[in-house]
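# Structure at a glance
Residues per chain, in single letters:
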Amino acid sequence: MTDLLIRNAAEILTCAADAPDGIGRLPGGSIAISDGLIEAVGEVGARRAHKVIEAAGRVVLPGFVDCHTHVLFGGSRVEEYAARVAGREPPAGAPVGIAGTVRETRRLSTDALVAQALPRLGEMLAHGTTTAESKTGYGLALEAELRMLEANRRLAAGTPVEIVSTLLAAHALPEDMPRDEYVGLIVGRLVPRAAAEGLARFCDAYCDQGYFTLEETQRVLAAGVAHGLAPKLHLDAYSTTGAARLAADLGAASVDHLNFTSPEEAECLGAAGVVAVAMPCLDLAVAHPRPVDVRGLIGAGMTVALATDLCPACHVASMQLVIQLACRLYGLSVAEAIRAATLHAAMALRRDKTVGSLEPGKQADVLVLGVERHEELAYRIGSNLVERVIKRGRVVVER
Ligand code: FE
């Protein structure tokens, strides 16, 4: 007997890798789920089930994968944001920038860090995110970065959202340590600890003007690779760094931002199979002077994924909003944006064998939307269309 049957949907979007339309749209159809996994999609035949969800008049699609977040942080940068949108300098004493958040984060115990992040994850889940990356990078010191890694482990136990942990010790330069010494600490102590204790899957670095140099980035990512942490990069957000070639050479899982990446570099990344992560809410929240040219990246052969970049500078929890902005700001079709927020985002986290599409054998991470056609996802700007969220076959949100 099937555990859960979702039946008679108006549309099912499988988002399968080989779908000719990109989203595998099946008009009508059902999904059978047992033991947390998908048994069958589309025509599932007559079957008995412990639980049935009637999905008539509804769209059913994979749970969103948010492949770039800084969901763990202390304090708030609301004062800075309010000042910036009005074209003013932030008030004296308000936390500003990464350095401001680092001071606030270092004050927190591991439990406090987790307690502040859980409501953010709850909001993400309510908007359909079933897998999320979570980066360190507001510790910028040995103990404080280890606390963030440990917080990621505890988060995983405290939310239905599946957490993918990334060590981003190379997020910014600490104010209280010379840069050489800090890079040495990352390479010699943090990366080996994170790997040995199974606290991270990826090693990330922020290569840009005012952050880490190409040479430092290379050292950090090479250390990650040597310890089995796959590379990711914050790349070219504010200048062309040349790190795209490094990412291609290392076979990075993803490169994120890409505002100043050249077409030739994008071709090189595309040929190397590196996924591009675009974050339209960040481009909006920081009023970026040069929003990323996503059509150019696709034209250069890159697979594009979408993410919120939830962080103190971009307090966005909804992948639906990300899809909406990606369609209008980047010129993605609705189908391209949905695929980028599911299968491609899973690829950016190297989880596409288990999540990101609705196919037999994959995890049953499923959304039921209270609309009849998927295009509404792009059209209803700012609405939450999610009625039900199913994680590993279990209904975890019902609205
Ligand atoms: Fe980031």
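The paragraphs below set out a description of the structure included in this document. It should be emphasised that the depicted structure is a prediction, and the values quoted were computed from it without experimental measurement.

Analysis parameters
- Residues numbered from 1 in each chain as written.
- Predicted model: local features only at pLDDT ≥ 70, side-chain atom pairs only at ≥ 80, totals over all residues.
- Heavy atoms only, no water.
- Core = buried A, V, L, I, M, F, W, Y, C linked by side-chain atoms within 4.5 Å.
- Buried < 20%, exposed > 50% of the residue type's maximum accessible area, 1.4 Å probe, protein only.
- Domains from an automatic or database assignment.
- Contact = heavy atoms within 4.5 Å.
- Helix = DSSP H or I, 4+ residues; strand = E, 2+ residues; numbered from the N terminus.
- Polar contact = N/O pair within 3.5 Å; in protein donor to acceptor, adjacent residues only side chain to side chain.
- Pairing = 2+ DSSP bridges.
- Axes fitted to C-alpha atoms, helices over the stretch in contact; angles between N-to-C directions.
- Phe/Tyr/Trp six-rings, centres within 6.5 Å; stacked < 30°, edge-to-face > 60°.
- Lys NZ or Arg CZ within 6 Å of the ring centre and 35° of its normal.
- Expected span 1.5 Å × (residues − 1).
- Bend = angle between axes of the 7 residues up to and from the residue.
- 1 Å grid on protein atoms, 1.4 Å probe; cavity = no way out; pocket = protein on both sides within 12 Å on 5 of 7 lines; lining within 4 Å.
- Points joined across faces, edges and corners; volume = space filled by probe spheres on them.
- Nonpolar A, V, L, I, M, F, W, Y, C, P; charged D, E, K, R; others polar.

## Observations concerning the nonpolar core
In terms of nonpolar packing, the biggest core is built from 119 residues, with Val255, Leu269, Leu306, Ile338 and Leu369 touching the most fellow members. The residue makeup of this core includes at least three contributed by each of domain 1 (2–62 + 357–398) and domain 2 (64–348). Residue contacts for leucine 369: discarding those within four places in its chain leaves Arg58, Val59, Leu61, Leu377, Leu385, Val386 and Glu387. Membership of the second largest hydrophobic core comes to 16 residues, among which are Val41, Val60, Val368 and Ile390.

## Topic: the side chain of serine 134
Inspection of the secondary structure puts serine 134 in strand E9 (residues 129–135). A polar atom in the side chain of serine 134 sits 2.5 Å from the side chain of asparagine 152. Aside from chain neighbours lying at most four places away, what touches serine 134 is Thr69, Val71, Leu72, Asn152, Leu155, Ile163, Val164, Ser165 and Thr166.

## Some details on the sheet that holds strand E8 (residues 64–66)
Sheet architecture is open: 8 strands sit in the order E8-E9-E10-E11-E12-E13-E14-E15, paired in parallel fashion. Edge strands, defined here as strands with exactly one partner in the open sheet, are E8 and strand E15 (304–306). The sheet shows a mean angle of 25° between the axes of neighbouring strands, direction not considered. Of the strands in this sheet, strand E10 (162–170) and strand E11 (202–207) touch helix H5 (residues 179–196), which is tilted by about 155° from E10.

## Things to note about the packing of aromatic side chains
Under the defined criterion, the tally for this structure stands at 1 aromatic pair. In this structure, arginine 201 is placed above the aromatic ring of phenylalanine 202, and the distance from its NZ or CZ to the ring centre is 4.8 Å. Sitting over the ring of phenylalanine 202, lysine 232 keeps its end group 4.9 Å from the ring centre.

## Topic: the sheet that holds strand E6 (residues 49–54)
Read from one edge of the open sheet, 4 strands run E5-E4-E1-E6, paired in mixed fashion. In this open sheet, the two edge strands, each paired with only one partner strand, are strand E5 (37–42) and E6. When the angles between neighbouring strand axes are averaged without regard to direction, this sheet yields 15°. Note that strand E1 (residues 2–7) and strand E4 (residues 30–34) share 3 bridges and pair antiparallel.

## What about the pairing of strand E7 (residues 59–62)?
Bridge count for strand E2 (residues 11–13) against E7 is 2 bridges, and the pairing is parallel. By the bridge assignment for E7, glutamate 11 is matched with valine 59. Direction of pairing for E7 relative to strand E16 (residues 366–369): antiparallel, over a ladder of 4 bridges. Across the sheet, valine 60 pairs through a bridge with valine 368, a residue of E16.

## Focus on H5
A rise of 1.5 Å per residue sets the reference length of H5, with its 18 residues, at 26 Å; its end C-alpha atoms lie 24 Å apart and thus fit the reference within 8%. Largest kink in H5: about 35°, centred on isoleucine 186. Looking only at H5, the buried set comprises Tyr182, Val183, Leu185, Ile186, Leu190, Val191 and Ala194. Buried residues belonging to H5 abut helix H4 (142–158), E10, E11 and helix H6 (214–226). Once H5 finishes, glycine 198 follows within two positions and takes phi at roughly 65°, a positive value.

## Description of the layout of surface pockets
Empty space within the largest pocket amounts to approximately 530 Å³. Lining the largest pocket are 27 residues, with Arg77, Tyr238, Leu282, Val286 and Ala313 sitting closest to its centre. Broken down by secondary-structure element, the contributors of at least two residues to the lining of the largest pocket are helix H1 (78–85), helix H2 (97–106) and helix H9 (280–285). Top contributing element to the lining of the largest pocket by residue count: H1, with 4 residues. Among the residues making up the lining of the largest pocket, the classes are represented as 17 nonpolar, 6 polar and 4 charged. Taken as a whole, the second largest pocket spans an internal volume of roughly 190 Å³. Around the second largest pocket, the lining comprises 16 residues; the ones closest to its centre are Tyr81, Pro312, Ala313, Cys314 and His315. Among the elements of the structure, H1, H9 and helix H11 (319–330) are those that each provide at least two residues to the lining of the second largest pocket.

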